[in-house]
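A structural walkthrough
One-letter residues, chain by chain:
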Amino acid sequence: AAVKSYAAVDLGASSGRVMAGRVGPGTLELTEAHRFPNRPVRLPEGLRWDMLGLYTGVLDGLRAAGGVDSVGIDGWAVDYGLLDADGALLGNPVHYRDPRTEGIAEAVRATVPADELYAATGLQDAPFNTLYQLEAARTSAQATYAERLLLVPDLITYWLTGEQGTELTNASTTGLIDPVTRDWSYGLARRLGVDLSLFAPLRQPGDPAGVLRPEVRELIGAAGPVPVTAVASHDTASAVAAVPATKERFAYICTGTWSLAGLELDAPVLTEESRTANFTNELGLDGTVRYLRNITGLWLLQECVRAWGDPDLGELLRAAEGVPALRSVVDACDTAFLAPGRMPERIAEACRASGQPVPGSPAEITRCVLDSLALAHRRAIEDAQRLAGHPVDVVHVVGGGARNALLCRLTADACGLPVVAGPAEAAAFGNVLVQAQAQRVVGDRWHMRDLLTRTQPLTRYEPQGDTAPWRAAEVRLAWR
Ligand code: LFR
């Protein structure tokens, strides 16, 4: 049978990439066609995404990827562009780290209490949920003229094809989707005064999303018509689809700017305990639920590295390995770390405030960040198993952090479970595989995972030592 070619556009918070994939029976290959930085821009009105720059990167990447049988687009969640009645973008999409949503969740909860919000949507309480962003901008000039809202990957899809839709896995991060019906939460939208006609019709992963516009085809040098396929367009949903698990008792950690740690479930967990533990029920491939917690992630380190003037990461990690373990830890889920800037100082301040030794050198701070991430991974995976009643025997680390051996080793030790690391480009793999699924080249997600395990190099880390020091560190953060 034939091997097919796909282009995966994967937009992350710090870089975008276009990957060229080849899929066939027993074949799965992914090569990087083009990578480009995603640099947010600080304007007088706030922190904004450079959407035109990203679109240009996408076009360059599609040209570099060459002839393909289909294109798919995934990206980070919650953010969106607003279009006017002519279909033109109204201004630069706002970055989820922009402070405009401060205090908004509290205001929304005055209309719909937190427990009712959770019962309706199963979504974590993050300040940047689309719902809160919409509320923050309710009286803005843009909101007045907006006729359509497109989430970031759907906006890129629209520019490429001229067709509008709202892909479900990403829509599940808006705070407006019911995870049981997997449709809009109409009652909630009514109570909050959100006009759902702003959103284009829902699309499922695998649905056709149009064909490249003739102008785009010409720009990228495509000979014939090129279909675009809706993939699991939330990058985390694509990454979870490509977790190379072999059986159901697994946990995953999607690492990148964030660490998204949790389980794949058949149904949402909407209990009060789950709500107060701040677990989210986002939607995944094949009718699954991504039950996970957002951990601030390698963002903590990225921001330190930026503050230190971009030293060599490999050297920094080697130096951190030499620093004694678990001297000081911070709460890597604290939304106090959400905003950019002054990260080494903020980490030192958090250590001081909790009465722990204050890390000073870059090596010490790096060690503190990695220990803190491993500790947060441990806690999320323990909590998820308990709250969902779904025990696991293995933790899969996918995404950029799979390349960070120290982080993987510490995570195995902290969890007291083996860690299987890889693939690092999980989101792009998931993207390509859903396109292949739509074209009947592969079957369901277990078939995809089987193909991944057979073709991709994975690294296994066995847990060392006992977990007592990690439990003690949890006590220091008053987690126990
Ligand atoms: C990861 C991610 C997370 C989401 C955050 C903000 O890239 O998509 O899943 O919570 O970015 O969109």
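Residues numbered from 1 in each chain as written. Predicted model: local features only at pLDDT ≥ 70, side-chain atom pairs only at ≥ 80, totals over all residues.

With an unreviewed UniProt entry as reference, the protein is termed Rhamnulokinase, source organism Streptomyces peucetius. Recorded in UniProt for the protein, the comment headed Sequence similarities (unreviewed entry) runs: "Belongs to the FGGY kinase family." (UniProt positions renumbered as here; feature names shortened; annotations may be inferred.)

**A few points about the confidence of the model for the protein**
In this model, the protein carries a mean pLDDT of 97, and residues with pLDDT of at least 70 account for 100%. Here the complex is predicted with pTM 0.98, and the ipTM for its interfaces comes to 0.97. (pLDDT = per-residue confidence, 0-100.)

**What about the UniProt feature "domain: Carbohydrate kinase FGGY C-terminal" (unreviewed entry) in the protein?**
Those places that UniProt annotates as "domain: Carbohydrate kinase FGGY C-terminal" (unreviewed entry) correspond, in this numbering, to residues 251-437. The span residues 251-437 is 45% helix and 17% strand, and its two end C-alpha atoms sit 23 Å from each other. (Helix = DSSP H or I, 4+ residues; strand = E, 2+ residues; numbered from the N terminus.)

**Focus on the site of the ligand**
Near the ligand lie 14 residues; those nearest to it are Trp76, Ala77, Val78, Thr236 and Trp258. Split by residue class, the shell around the ligand holds 7 nonpolar, 6 polar and 1 charged. (Near = placed C-beta within 6 Å. Nonpolar A, V, L, I, M, F, W, Y, C, P; charged D, E, K, R; others polar.)

**Some remarks on the UniProt feature "domain: Carbohydrate kinase FGGY N-terminal" (unreviewed entry) in the protein**
As annotated in UniProt, the feature "domain: Carbohydrate kinase FGGY N-terminal" (unreviewed entry) corresponds to residues 68-240 in the numbering used here. Across residues 68-240 one finds 36% helix and 17% strand; the C-alpha atoms that close the span lie 24 Å apart.

**Things to note about helix H6 (residues 152-161)**
One full turn of an α-helix is made of 3.6 residues, so residues set three or four places apart face in the same direction. With 9 of 10 residues buried, H6 lies mostly within the body of the structure. Buried residues of H6: Val152, Pro153, Asp154, Leu155, Ile156, Thr157, Tyr158, Leu160 and Thr161, and no others. Phi turns positive one or two residues past the end of H6, at Gly162, with a value near 80°. (Buried ≥ 20, exposed ≤ 12 C-beta atoms within 10 Å, placed from the backbone.)

**Looking at the pairing of strand S15 (residues 250-255)**
Counting buried positions over the 6 residues of S15 gives 6, a clear majority of the element. Where burial is concerned, the two faces of S15 agree: the one with Phe250, Tyr252 and Cys254 and the one with Ala251, Ile253 and Thr255 are both buried. In terms of strand pairing, S15 meets strand S19 (residues 394-399) through 6 bridges, oriented parallel. Residue pairing for S19: Cys254 is matched across the bridge by Val398. For S15 and strand S16 (residues 259-265), the ladder comprises 4 bridges, and the chain directions are antiparallel. The residue of S16 that forms the bridge with Thr255 is Ser259. Taking the residues between adjacent antiparallel strands as the criterion, S15 and S16 are bridged by 3 residues. (Pairing = 2+ DSSP bridges.)

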